[in-house]
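Remarks on the overall topology
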Amino acid sequence: MDMTILNRYFNTAYNTAPFSKIKTEDYLPAFKIGIKNAKAEITAIVNNKDTPTFKNTIEALDYSGKELDRISSIFFNLNSAETNEDIQNIAQEVSPLLSEFSNDITLNEDLFKRVKAVYDLKSTLELTTEQETLLDKKYKGFSRNGANLTKDKKERLRTIDKESSQLKLKFGEHILAETNKFEMYLTDESDLSGLPDGAKEAAKQLAEARGKDGWLITLDYPSYIPFMTYADNRELREQLSKAFGSKGFKNDELDNQDIVLRIAKLRFERAQLLGYKTHAHFVLEERMAETPEKVKTFLNELLAKAKPAADEEFKKLEGFAKDLHGIDQLQKWDSAYYSEKLKQKLFSLDDEQLKPYFKLENVIDGVFTVAKKLFGLQFEEIDTIDKYHEDVMTYKVTDDGGLIAIFYADFFPRSGKRNGAWMTSYKPQMIKDGHNHRPHVSIVCNFTKPTKSKPSLLTFNEVTTLFHEFGHALHGILANTTYPSLSGTSVYWDFVELPSQILENWCYEEETLKLFAKHYKTGEVIPMELIEKIKASSTFHEGMQTLRQISFGLLDMSWHGVDPSGINDVKTYEAEAFSGTNLYPDVAENCMSTSFAHIFQGGYSSGYYSYKWAEVLDADAFEYFKEEGIFSKTVADKFKTYILSQGGTENPMTMYKKFRGQEPKPEALLRRAGLLK
Ligand SMILES: [Zn+2]
């Protein structure tokens with residue numbers, strides 16, 4: 001087993017991933033060798049007899065482990081896009097090895113001593129901005145994990161981390177069990193009135209799968225959402241909505257109230273141990289928003305603008321429901337149902353009308369044309385490099401100066417590919433020893449496959465998804481930094497969606513659509529009247545939706561931006577946080593926090609605001625394009641120079657100001673959303 005896959009990396013065209021040569025059984029030994037070599041590189045840094053310098057410590061650390069990174073990226077990308085049981089088993093085996101290795105680094109006291117020695121001399125070192133950023137990042141990677149603490153406090157930190165991760169798991173297990181436990185069996189077909197055929201069919205199959213007659217509705221989204229949106233039976237909607245909203249809130253063995261309180265308190269204690277005022281202060285130190293005060297101001301400013309619009313939309317919806325069905329008091333379980341009915345009445349826009357204008361090949365051409373007009377990029381399909389599946393398309397990306405990147409695109413669903421759409425990379429960009437290593441970037445989607453009689457025709461939502469992921473890809477493709485850990489999409493969390501979301505804006509512009517949105521049979525350009533409808537329906541109920549997002553952001557901040565030791569009752573506390581954002585009457589038996597997985601199970605604590613933050617950024621940045629022309633070379637050049645090529649080399653607010661000339665303002669978003677008249 002000496003001939004590892006590592007050796008094969010160096011003799012492929014463009015140094016691309018050698019998919020066809022890698023056998024599944026190669027991975028584990030390759031991982032082990034990769035880890036061993038990476039460890040040796042770390043040891044060499046630690047044992048260096050010379051005084052710690054930026055170059056021999058910080059830079060050396062950032063360039064270390066690159067073999068391991070390549071194996072990991074190939075392996076885990078395949079585990080998402082083309083997996084099987086063997087790969088999943090290897091993932092199980094290899095994940096603990098990798099986390100052990102990364103702990104070995106963060107907890108390595110001798111390594112930290114060297115990093116700190118360099119960090120303490122920072123002001124005397126004459127570093128470039130990028131180098132300063134890298135030094136901060138490396139230092140904080142240790143200090144934020146307790147490297148500066150005394151032995152006792154370090155131990156307390158480990159105990160907190162352990163308990164927190166167990167509680168997070170338990171929180172998730174409870175929600176899953178609650179979701180799986182609930183079943184709404186319907187035996188009278190009239191109870192399904194209003195549901196589209198597809199949803200009915202799915203409900204029948206669910207029942208059949210459990211050996212029952214009739215129809216089964218569950219709390220899983222594909223079952224829950226259509227029922228809440230279309231089912232005419234109001235009592236059943238109420239029943240389902242209350243079941244959904246009371247997950248983890250029944251004072252039984254699956255209750256999450258104590259877990260929520262405990263997690264909030266542990267997070268606060270951890271932050272204090274590390275010298276931060278609250279958990280939110282700790283998290284936001286590494287975000288563009290920087291402080292909880294700034295996040296709260298941001299959310300409250302949006303709230304002031306969105307509330308009047310939301311109130312007005314709500315009033316109209318109430319009137320509509322009263323006229324239609326004599327509803328006196330609109331309840332939470334009426335929201336999706338009457339919104340859908342009203343939307344149909346106002347727009348009657350359905351996917352089938354639009355799809356003929358969005359043949360996949362045309363949309364790909366469109367997105368490439370946009371990239372060419374803005375950034376001078378050329379995409380040329382090549383067949384000289386390996387693919388992991390025959391559906392994958394491969395491109396060479398060039399500009400006037402030569403090769404910029406390799407680009408993979410994988411569009412269709414198949415077993416072995418997970419749901420959704422994402423961008424990823426097989427090889428990072430970096431400049432080392434004077435050589436600019438160009439990146440290998442990939443996007444993976446799940447669009448409708450072509451059939452014998454019909455090409456792949458995308459829904460409008462799929463079109464914006466493609467532009468979105470392509471925006472992330474451009475962030476990778478145009479990366480031009482020295483250090484790999486600051487390259488491309490390695491930016492603060494609340495900044496990473498700017499390149500992707502801004503690109504979606506081009507989909508709504510006539511100037512762009514004329515380039516590619518042509519009927520697949522007749523070649524006719526999409527009629528302007530349809531484009532107007534798309535635009536209008538995309539901001540339907542924007543006020544209420546904004547209000548909802550703001551309420552979640554405020555709830556998140558209220559759990560994490562304070563000292564939680566005085567909080568005793570989850571529901572009471574939550575009600576306070578929601579008090580400025582309510583539209584519907586409260587439902588006593590429901591609670592949001594006990595199933596708010598984003599912040600108590602996933603990684604979004606003190607980060608829920610980022611959804612709206614990113615929208616403010618992309619709307620404000622796109623407005624600059626609109627001012628100068630959406631294909632303005634000047635603005636595009638600035639966007640490339642100050643944002644897309646810079647990765648995380650500098651504070652994002654500084655970069656943004658260089659691009660825009662000022663800090664982002666919410667007005668552009670409010671205008672786009674129709675909330676500013
Ligand atoms: Zn994204």
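Data block above holds the structure.
Everything numeric in this text was worked out from a predicted model, so none of it was measured.

1. Examining the nonpolar core
- Among the nonpolar cores identified, the biggest contains 108 residues, and F358, F407, I477 and W506 are the most heavily contacted of them.
- In terms of residue count, helix α14 (residues 292–325) provides more of this core than any other element does, twelve residues in total.
- With sequence-adjacent residues up to four places away left out, F358 is seen in contact with V363, S456, L457, L458, F460, V463, L513, F516, A517 and I526.
- Membership of the second largest hydrophobic core comes to 33 residues, among which are F171, I567, F596 and F600.

2. So, helix α12 (residues 257–273)
- Relative to the 24 Å expected for 17 residues at 1.5 Å per residue, α12 spans 25 Å between its end C-alpha atoms, a close match to the ideal helical length.
- Judged by how many residues are buried, α12 sits mostly within the fold: twelve of 17 residues are covered.
- All of the buried residues in α12 are Q257, I259, V260, L261, I263, A264, L266, R267, F268, R270, A271 and L273.
- Buried residues belonging to α12 abut α8 (151–181), α13 (279–284), α22 (542–560), α23 (570–578) and α24 (597–600).

3. Regarding the sheet that holds strand β5 (residues 402–410)
- Pairing is mixed in the open sheet, where five strands are placed in the order β3-β4-β5-β9-β6. Each of the sheet's edge strands pairs with one partner strand only, and the pair in question is β3 (378–381) and β6 (422–427). Pairwise comparison of adjacent strand axes, ignoring direction, gives a mean angle of 30° for this sheet.
- In this structure, strand β4 (residues 393–399) lies alongside β5, joined through seven bridges in antiparallel fashion. Across the sheet, M393 pairs through a bridge with A409, a residue of β5.
- On top of the sheet, helix α18 (residues 460–477) reaches β3, β4, β5, β6 and β9 (440–444); it is set at about 170° to β9, its chief contact.

4. Digging into the packing of aromatic side chains
- Summed over all chains, the structure comprises 50 aromatic pairs.
- Aromatic side chains F411 and F447 sit 5.8 Å apart centroid to centroid with 15° between the ring planes, which places their arrangement in the stacked category. With F411 in the loop between β5 and β6 and F447 in the loop between β9 and α18, this pair connects stretches of sequence that are 36 residues apart. Considered together, F411 and F447 belong to a single accessibility category, that of buried residues.
- These aromatic residues form a ring-pair network of at least three members: W506, F622, Y624, F625, F639, Y656 and F659.

Cut-offs applied
Residues numbered from 1 in each chain as written. Predicted model: local features only at pLDDT ≥ 70, side-chain atom pairs only at ≥ 80, totals over all residues. Heavy atoms only, no water. Core = buried A, V, L, I, M, F, W, Y, C linked by side-chain atoms within 4.5 Å. Buried < 20%, exposed > 50% of the residue type's maximum accessible area, 1.4 Å probe, protein only. Helix = DSSP H or I, 4+ residues; strand = E, 2+ residues; numbered from the N terminus. Contact = heavy atoms within 4.5 Å. Expected span 1.5 Å × (residues − 1). Pairing = 2+ DSSP bridges. Axes fitted to C-alpha atoms, helices over the stretch in contact; angles between N-to-C directions. Phe/Tyr/Trp six-rings, centres within 6.5 Å; stacked < 30°, edge-to-face > 60°.

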